[in-house]
Amino acid sequence: MSDSNKNLLKIVGMIIAAILIWKIVVAPILIIAKILLPFAIVGGVVYLIYRGTGGKALGGGRRTLP
């Protein structure tokens, strides 16, 4: 086998390895991020509202009618 054929096979092998590494390592991380992103956005909005209202818990409590 000539050197040019070996180099071509190495390049093809590296491309296949890169695709496999992407699917095994990066794809699950992206799925987890896709699931957690809406919760992070909602949590950030709730936190901004909490800090904007003075950082105190909502009033109320257990009240009974007279």
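Here the residue numbers are simple positions, counted from 1 along each chain's written sequence. Reporting of local features is limited, given that this is a predicted model, to residues whose pLDDT is at least 70; pairs of side-chain atoms are given and counted only at 80 or more, and all residues count toward the totals for whole chains, interfaces and linings. Heavy atoms from the whole structure form the basis of all side-chain values; hydrogens and water molecules are not counted.

## What about the overall build of the protein chain?
Turning to step 1, where the next piece is worked out: Only DSSP runs of H or I covering at least 4 residues are called helices, and only runs of E covering at least 2 are called strands; the numbering of each starts at the N terminus. Along its length, the protein chain carries one helix and zero strands.
Turning to step 2, where the next piece is worked out: For every residue, the accessible area (1.4 Å probe, protein chains only) is compared with the maximum for its type, and the residue is labelled buried under 20%, exposed over 50%, or partly exposed between those bounds. Per-residue burial for the protein chain yields a buried fraction of 0% across its 66 residues.

## So, helix H1 (residues 3–52)
Turning to step 1, where the next piece is worked out: Under the convention used throughout, the expected extent of a helix is 1.5 Å for every residue step, that is, one less than its residue count. Across its 50 residues, H1 extends 68 Å between first and last C-alpha, which sits within 8% of the 74 Å expected from 1.5 Å per residue.
Turning to step 2, where the next piece is worked out: Of all bends in H1, the biggest is about 40°, found at Val-26, and the proline Pro-28 comes one to four residues later.
Turning to step 3, where the next piece is worked out: Phi turns positive, to about 105°, at Gly-54, one or two residues after H1. What is called the bend at a residue is the angle between a pair of axes, fitted to the seven residues leading up to and ending at it and to the seven starting from it.

## Looking at the packing of aromatic side chains
Turning to step 1, where the next piece is worked out: Here a pair means two rings of Phe, Tyr or Trp (six-membered ring of Trp) with centres within 6.5 Å. Their orientation is stacked below 30 degrees between planes, edge-to-face above 60, and tilted elsewhere. Summed over all chains, the structure comprises one aromatic pair.
Turning to step 2, where the next piece is worked out: Between Tyr-47 and Tyr-50, the ring centres sit 6.4 Å apart and the planes meet at 40°, which makes this aromatic pair tilted. Residue Tyr-47 and its partner Tyr-50 are both found in helix H1; the two are separated by three residues, about one turn of the helix.

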